[in-house]
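# A look at the structure
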Amino acid sequence: MTENSMHQARGTLSAQSSVRKMTLTGVCVALLAASAYISFPLPFTPAMVTALTIMVNFVAFVMTPKEAGLTLLIYLLLGIVGVPVFVGGTSGIAKIIGPTGGFNIGFLVAAMVMSAVRGKSHDFKKLIMTGIFVGMPIIYIGGCISMYAVNRISVWATLLTAVIPFLFGDVVKVVIAAMIAVRVSKFRVGA
């Protein structure tokens, strides 16, 4: 093989890799948006139970930290500019600076940190432990900060509205995301 043909082959592989990454990012943004529509309110909290949490974990479990961060950033920017991609089909800057905005920021941070902690591993147990002991606390901290600051409620009331009602369901969602990610990762080239 000549030097020129080797250079062309590397360029083709690089272009294919870029297209795959862009496609994966686009699909994951769409899945984040679609999953946010699968949600229902609880009467005692402005936060909603949502399938979005499954997809945030999934993104962290199948993407690199940079890819996960970019994917969540695109999702958040779409919602901020008015595309109805946030929980319950909502949008706007109020969903970032309001009582549940910390959850949205927490999703971004958690996806990048979980992906970094996971490394290249797609071990089912490691994904679950990463989701429960890294992702969930980051998301809850974000949600608690915004809920506490905006609603001006006590720390205990914040925990009762932003954390405790969601613990069991979020553990189940981490397990679901890990199951899907383990299967999908078998087909991902270069993961």
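Here is a short report on the structure shown in this document.

The rules behind each value
- Residues numbered from 1 in each chain as written.
- Predicted model: local features only at pLDDT ≥ 70, side-chain atom pairs only at ≥ 80, totals over all residues.
- Heavy atoms only, no water.
- Salt bridge = Lys/Arg side-chain N within 4 Å of Asp/Glu carboxyl O.
- Helix = DSSP H or I, 4+ residues; strand = E, 2+ residues; numbered from the N terminus.
- Core = buried A, V, L, I, M, F, W, Y, C linked by side-chain atoms within 4.5 Å.
- Buried < 20%, exposed > 50% of the residue type's maximum accessible area, 1.4 Å probe, protein only.
- Contact = heavy atoms within 4.5 Å.
- Pairing = 2+ DSSP bridges.

### Notes on the pattern of salt bridges
Counted by the stated rule, this structure contains 1 salt bridge. Close ionic contact of Asp170 with Lys173 constitutes a salt bridge, the shortest N to O distance being 3.2 Å. Taken together, the positions of Asp170 and Lys173, both in helix H8 (residues 167-185) and 3 residues apart, correspond to about one turn of that helix.

### Quick notes on the nonpolar core
Core analysis: the biggest nonpolar cluster contains 49 residues, and Leu32, Leu52, Phe61, Leu72, Tyr75 and Phe103 have the highest contact counts within it. Secondary structure elements with two or more residues in this core: helix H1 (3-36), helix H2 (52-62), helix H3 (65-80), helix H5 (101-118), helix H6 (124-151) and H8. Ignoring any residue separated from it by four or fewer positions in sequence, one finds Leu32 in contact with Leu52, Met55, Val56, Val59, Thr71, Leu72 and Tyr75.

### Things to note about the pairing of strand E1 (residues 39-42)
Where E1 and strand E2 (residues 45-50) come together, 4 bridges link them in antiparallel fashion. Paired with Phe40 across the bridge in E2 is Val49. Taken together, E1 and the strand that follows it, E2, pair antiparallel across an intervening segment of 2 residues.

### Re the side chain of Ser146
Considering the arrangement of structural elements, one finds Ser146 in helix H6. Leaving out residues up to four positions away in the same chain, Ser146 has contacts with Gly98, Pro99, Thr100, Gly101, Gly102, Phe103 and Asn151.

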